[in-house]
Amino acid sequence: MQNIAVLASGNGTNFAAIARAIKKGSLKATLALLVCDVANAKVIARAKRAGVKTMVIQGRECATKNDFETKIIQRLKEEKIDLIILAGFMRILSPEFVREYKNRIFNIHPSLLPSFKGTHGIKDAFEYGVKITGVTVHLVDEELDHGPIILQEKVKIEENDTLESLEKKIHRVEHSLYPKAVQLLLEGKITIQGRKILTATRPGQPTH
Ligand code: GAR
């Protein structure tokens, strides 16, 4: 069984979705660690309730970004972590960190990348007036919101949607898409060909 660490900074609904998928057996991995960089983030309480080990490390407690990341990597190694799942982790990992876990770091982004990168993907798409937005799960590379895409799912923006109703729709999709993307990798169904990721599903068959 592979060991997963989730890195998160906020509410932690994606953390909870991963934990639920593991509990019900649709995601076959061990949730070995939560790393959180915000002392009072809701995700910490969620991890404690789920019985998941927690490392809280705030950037300002560390002299440099390198120091911050070295401490995290040290703990990831102690816990024998195989895969890292970024779930609303509002920090950009250094190229050194990304290389250390090459093709083993996932991110979820609340838009159809490469549109609306950055920290306000839902709001930016809503304000831009697009009719279709969505969710992207991708591998992390050295550029922001850029690595090869594993799965994407669209979400329609209806004329009566508000930012709040759109957020709800996006989060609902995130919570089912993220565990599925991770499970594809765990099952060896992902082949990386440069920017393209092939998922070993037959043509015409949905991957999610
Ligand atoms: C999610 O919507 C995720 O897509 C987004 O942060 C939210 C975290 O929610 N991530 C980004 O915007 C990354 N650029 P959560 O804490 O409830 O899982």
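As the structure is a computational prediction, the values presented were derived from the model and not from experiment. (Residues numbered from 1 in each chain as written. Predicted model: local features only at pLDDT ≥ 70, side-chain atom pairs only at ≥ 80, totals over all residues. Heavy atoms only, no water.)

**Q** I tried to follow the overall build of the protein on my own but got confused; where do I start?
**A** Each helix and strand in the protein was counted, giving six helices and nine strands. For the protein, the C-alpha radius of gyration of 17 Å lies close to 17 Å, the compact-globule estimate for 208 residues. Principal-axis analysis of the C-alpha atoms places the extent of the protein at approximately 45 × 35 × 35 Å. Scored against the burial criterion, the 208 residues of the protein give a buried share of 47%. A sequence separation of at least 24 residues applies to 62% of the contacts in the protein between residues at least 6 apart. (Helix = DSSP H or I, 4+ residues; strand = E, 2+ residues; numbered from the N terminus. Rg over C-alpha atoms; globule rule 2.2 N^0.38 Å. Buried < 20%, exposed > 50% of the residue type's maximum accessible area, 1.4 Å probe, protein only. Contact = heavy atoms within 4.5 Å.)

**Q** Sorry if this is basic, but what is going on with the packing of helix 1 (residues 13-24) against helix 6 (residues 163-186) here?
**A** Between two packed helices, both the angle of their axes relative to each other and the distance between the axes serve to describe the pair. At a closest axis distance of 9 Å, the pairing of helix 1 and helix 6 adopts a crossing angle of 50 degrees. Judged by the angle between their axes, helix 1 and helix 6 are oblique. Our pair here, helix 1 against helix 6, has a crossing hand that is right-handed. Contacts between helix 1 and helix 6 involve Thr13, Asn14, Ala17, Ile18, Arg20 and Ala21 on the former and, on the latter, Glu174, His175, Tyr178 and Pro179. Of the residues in the contact of helix 1 with helix 6, the class split is five nonpolar, three polar and two charged. (Axes fitted to C-alpha atoms, helices over the stretch in contact; angles between N-to-C directions. Parallel < 35°, antiparallel > 145°, perpendicular 65-115°, else oblique. Left-handed = near helix turned anticlockwise from the far one by under 90°. Nonpolar A, V, L, I, M, F, W, Y, C, P; charged D, E, K, R; others polar.)

**Q** Hey, could you run me through the sheet that holds strand 5 (residues 105-109) in this one?
**A** In any sheet, the strands associate via hydrogen bonds between backbone groups, in a parallel or an antiparallel arrangement. Taken in spatial order, the seven strands make up an open sheet running 3-2-1-4-5-6-7, and their pairing is mixed. Where the open sheet ends on each side, the last strands, each with one partner, are strand 3 (54-56) and strand 7 (149-156). Across the sheet, the mean angle separating the axes of adjacent strands is 20 degrees when strand polarity is ignored. By the bridge criterion, seven bridges tie strand 1 (residues 2-8) to strand 2 (residues 29-36) in an arrangement that is parallel. Its bridge partner being in strand 2, Gln2 is matched across the sheet by Ala29. (Pairing = 2+ DSSP bridges.)

**Q** Which parts of the structure should I look at to understand the site of the ligand?
**A** As a structural note, the neighbourhood of the ligand is formed by 13 residues, with Gly12, Thr13, Asn14, His109 and Glu174 the closest of them. The contact in question runs from an oxygen atom of the ligand to an N or O atom on the backbone of Gly12, over 2.7 Å. Taking His109, its side chain carries an N or O atom lying 3.2 Å from a nitrogen atom of the ligand. In isolation the ligand offers 450 Å² of accessible surface; the protein chains occlude 89% of this area. Elements represented by at least two residues in the shell around the ligand include exactly helix 1, strand 5 and helix 6. Across the shell around the ligand, the residue classes break down as three nonpolar, eight polar and two charged. (Near = heavy atom within 4 Å. Polar contact = N/O pair within 3.5 Å; in protein donor to acceptor, adjacent residues only side chain to side chain. Areas by Shrake-Rupley, 256 points an atom, 1.4 Å probe, with all protein chains shown as cover.)

**Q** Whenever I open this one, the pattern of salt bridges confuses me. Can you help?
**A** When charged atoms on two side chains of opposite charge get close, those side chains can pair. Counted under the stated rule, the structure contains ten salt bridges. A salt bridge links Lys71 to Asp67; the shortest N-O distance between them is 3.4 Å. Residue Lys71 and its partner Asp67 are located together in helix 3 (residues 65-78), separated by four residues, close to a single helical turn. Residue class for Lys71 comes out partly exposed when judged on its relative accessible area of 35%. You can call Asp67 partly exposed: its relative accessible area is 23%. A cluster of three or more residues bridged by salt bridges with shared partners is formed by Lys53, Arg75 and Glu79. (Salt bridge = Lys/Arg side-chain N within 4 Å of Asp/Glu carboxyl O.)

**Q** Help me understand the state of the cysteines in this model?
**A** Think of a disulfide as a covalent bridge from one cysteine sulfur atom to another cysteine sulfur atom. For the coordinates displayed, the defined rule picks out zero disulfides. As a non-bridged cysteine, Cys36 has Cys62 as the owner of its nearest cysteine sulfur, 13 Å distant. Note on Cys62: relative accessible area 9%, which makes it buried. (Disulfide = S-S within 2.5 Å.)

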